[in-house]
Amino acid sequence: MKGFVKNIVVIALAVLALFSGAVSAGDTIEKKKIEFLIAAVENLQGAKFLRNSTEHTGKEAAEHLRMKLQKAGDRVRTADDFIRLCASKSFLSGKPYMIRSSGGETITSEEFFREKLKEYNATVK
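Residues numbered from 1 in each chain as written. Predicted model: local features only at pLDDT ≥ 70, side-chain atom pairs only at ≥ 80, totals over all residues. Heavy atoms only, no water.

(A) Region of interest: the packing of helix H2 (residues 58-72) against helix H3 (residues 79-87). Across the interface, H2 lies against H3 with an axial gap of 10 Å and an inter-helix angle of 105 degrees. Viewed along their axes, H2 and H3 adopt a mutual orientation that is roughly perpendicular. Listed contacts from H3 to Leu65, Lys68, Leu69 and Ala72 of H2 are Phe82, Leu85, Cys86 and Ala87. The residue inventory of the contact of H2 with H3, partitioned by class, reads seven nonpolar, no polar and one charged. (Axes fitted to C-alpha atoms, helices over the stretch in contact; angles between N-to-C directions. Helix = DSSP H or I, 4+ residues; strand = E, 2+ residues; numbered from the N terminus. Parallel < 35°, antiparallel > 145°, perpendicular 65-115°, else oblique. Contact = heavy atoms within 4.5 Å. Nonpolar A, V, L, I, M, F, W, Y, C, P; charged D, E, K, R; others polar.)

Below, the structure is given as structure tokens:
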């Protein structure tokens, strides 16, 4: 009977180890997606990031989003969480963030980030 219990414990530990490895791998993938999204806005050429009606460069936007991500802590586990909780609207005013291209077209940052996430997912399959 002792051998049976020992085997069950070993199997349970192995399953837990595999599960925790899968979670870590998933976390790493999601972190890469989030960094890809931030880099996408950081590297925009000639575009402006509009936050509470104030224009910011892509670099300034990236700094702000990294700060919001850090403050969000464990609430952000996925790229979708990042878009929803950090990159779509102002926490203080509730106003949506916007991105204005160099050609003058303006879209919500949520649209921009969702499209970039689709691009990322299409290339990583």
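(B) Focus on the pairing of strand E1 (residues 48-51). Looking at chain direction, E1 and strand E3 (residues 98-100) are connected through three bridges and run antiparallel. By the bridge assignment for E3, Lys48 is matched with Arg100. Strand direction decides the pairing type here: E1 and strand E2 (residues 54-56), joined by three bridges, are antiparallel. Bridge pairing links Arg51 to Thr54 in E2. (Pairing = 2+ DSSP bridges.)

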